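Here's the letter readout for the chains.
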Amino acid sequence: MARYIVRRVLWSIVLLVIVSAVVFTIFYIFPSADPAQLRAGRQANADQIAAIRESLGLDKSVPEQFWIYIKGVFTPFDLPGTDAHGPLYFGRSYQSNADVFDVIKSDLPATGLLVLGSVILWLSIAIPVGVISAIKRRSLLDRTTMITTLAFISAPVFWLGLVALYLFADDVGVIPIFPGIGSYATADTFIAKCGTMLLPWGVLAAATAAIYARYLRSQMIDVMGEDYIRTARAKGLPERTVITRHALRSAITPIVTLLGLDVAILLAGNAILTETVFNIPGVGNETFNAIKRSDLPMIQGITLFGAFFIVTFNLIVDIAYAYLDPRVRY
């Protein structure tokens, strides 16, 4: 196991370097607009644009730019001509001149709280619903839950968010029982921030819980027909033990893969619709604003940060497999 982990960590580092090269190519060699012009504004003259190009290092050759970029992200060396130091230096925003990594760090707690709460909520719903639907297959309860989950899967997240605000937000809702837009930024305690997240948690968890419930139901139905389940029952084990210790443990292994990828993707800013609808100052909202402003360093930094999360959580999932399923060996 130790050799496998070391090998995967080394490969993850190589993969991040490759992702960095791809991102650099996309955002520096094929830009949609001149970064210096974006930074200078529409009224800038040629001398001002040239000065900004020099300050951003855009006057250097492409290999030099890439080396400075890689050195800033992956090494602790000082960056010549800047006041920043590696590692994890993704450059400065074209709009605010703020350090991109500092902005991501300041936005990550809001996104982390959103993801953590929604994960707990959707697992709390999906696991019992999926297990009960598999046990009570083709019953009225099973058909009702499957139709309900299909409805939530089909509903776009932004539409669910707007409907939830219209129904339950305390400032515009018909039944004002949850804090509305902009409350997170003004909450001064952790409990208050969690209170403002109740509605976003529900919206983000709704469609995801539906997907997990349907997938877990399918896995449970397959597992319940296996020989070792019949053997466990033949030994006289209680049905609850057969379901929880044998069937669920095997069926939930693919769910761990989905969970690892979903958490990584959401932390990388893919909760953009939920954060935008509820005005949560997280990574997703920052991504939306960066795209709207054509802020290339910010988009690039968030992309690389997201790649780091995806690679890291993939490694965690692979290691967790060996503990969840004894048949898995590395």
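Residues numbered from 1 in each chain as written. Predicted model: local features only at pLDDT ≥ 70, side-chain atom pairs only at ≥ 80, totals over all residues. Heavy atoms only, no water.

Quick look at the overall build of the protein chain now. Regarding its fold elements, the protein chain presents 16 helices and zero strands. Taking all 330 residues of the protein chain together, 43% fall into the buried category. Taken as a whole, the protein chain presents about 17600 Å² of accessible surface, with 65% of it coming from carbon and sulfur. (Helix = DSSP H or I, 4+ residues; strand = E, 2+ residues; numbered from the N terminus. Buried < 20%, exposed > 50% of the residue type's maximum accessible area, 1.4 Å probe, protein only. Areas by Shrake-Rupley, 256 points an atom, 1.4 Å probe, with all protein chains shown as cover.)

Attention now goes to helix H10 (residues 198-224). Maximal helix bending in H10 amounts to about 35 degrees, located at Ala-205. Within H10, 19 of the 27 residues are buried, which leaves it mostly tucked inside the rest of the structure. (Bend = angle between axes of the 7 residues up to and from the residue.)

Below, the discussion takes up the packing of aromatic side chains. By convention here, two paired aromatic rings are described through the distance between centres and the angle between planes. This structure, assessed with the given rule, holds six aromatic pairs. A centroid spacing of 5.6 Å and a plane angle of 50 degrees characterise the contact between Trp-122 and Tyr-212, whose relative ring orientation is tilted. With Trp-122 in helix H5 (residues 100-135) and Tyr-212 in helix H10, this residue pair connects regions lying 90 residues apart in the sequence. For the pair Trp-122 and Tyr-212, a shared accessibility class is recorded, and that class is buried. Note on Phe-309 and Phe-313: the rings are 6.4 Å apart at their centroids and 45 degrees apart in plane angle, and the pair reads as tilted. Here Phe-313 and Phe-309 lie together in helix H16 (residues 296-324), a separation of four residues that amounts to about one turn. Through a chain of ring-to-ring contacts, three or more aromatic side chains come together here, namely Phe-101, Phe-305, Phe-308, Phe-309 and Phe-313. (Phe/Tyr/Trp six-rings, centres within 6.5 Å; stacked < 30°, edge-to-face > 60°.)

With that out of the way, let us pick up unusual backbone geometry. One can expect most non-glycine residues to show negative phi and most peptide bonds to be in trans. The phi angle at Arg-138 is positive, at roughly 70 degrees, despite the residue not being glycine. Inspection of the secondary structure assignment puts Arg-138 in the loop between H5 and helix H6 (140-154).

Counted according to the given criterion, the structure contains four salt bridges. Residues Asp-102 and Lys-105 are paired through a salt bridge, measuring 3.7 Å at the closest nitrogen-oxygen approach. Taken together, the residues span about one helical turn, with Asp-102 and Lys-105 both in helix H5 at a distance of three residues. On the basis of relative accessible area, Asp-102 is assigned to the partly exposed category, the value being 44%. Here Lys-105 falls in the partly exposed class, since its relative accessible area comes to 45%. Here Arg-233 ties to Glu-239 by a salt bridge, and the two come within 2.7 Å at their closest N and O atoms. What makes Glu-239 partly exposed here is its relative accessible area of 37%. (Salt bridge = Lys/Arg side-chain N within 4 Å of Asp/Glu carboxyl O.)

Okay, the confidence of the model for the protein chain next. Taken residue by residue, the protein chain gives an average pLDDT of 80. The fraction at 70 or more is 88%. Summarising per-element confidence for the protein chain, the mean pLDDT is lowest in helix H2 (residues 35-40) (72) and highest in H5 (90). (pLDDT = per-residue confidence, 0-100.)

Spanning twelve residues, helix H7 (residues 157-168) covers 16 Å between terminal C-alpha atoms, matching the ideal 16 Å at 1.5 Å per step. Looking only at H7, the buried set comprises Leu-160, Gly-161, Ala-164 and Leu-165. All buried residues of H7 fall inside an arc of 135 degrees around its axis, so they share one side. Looking at the buried side of H7, the elements it contacts are H6, H10 and helix H14 (272-277). (Expected span 1.5 Å × (residues − 1). Arc of directions from axis to C-beta. Contact = heavy atoms within 4.5 Å.)

Further remarks concern the environment of Phe-278. Note on placement: Phe-278 falls in the loop between H14 and helix H15 (283-293). As for Phe-278 and Pro-200, which are separated by 78 residues in sequence, their C-alpha atoms are 6.9 Å apart.

A few words now on a nonpolar patch on the surface. A surface patch of nonpolar side chains, amounting to about 470 Å² of accessible area, comprises Val-6, Val-9, Leu-10, Ile-13, Val-17 and Phe-74. Looking at the nonpolar patch, the element that brings in the most residues is helix H1 (residues 2-29), giving five residues. Checked against the element boundaries, Leu-10 lands in helix H1. Judged by its relative accessible area of 52%, Leu-10 is exposed. (Patch = residues over 30% accessible without salt bridge, like charges linked within 9 Å, V, L, I, M, F, W, Y side chains within 5 Å.)

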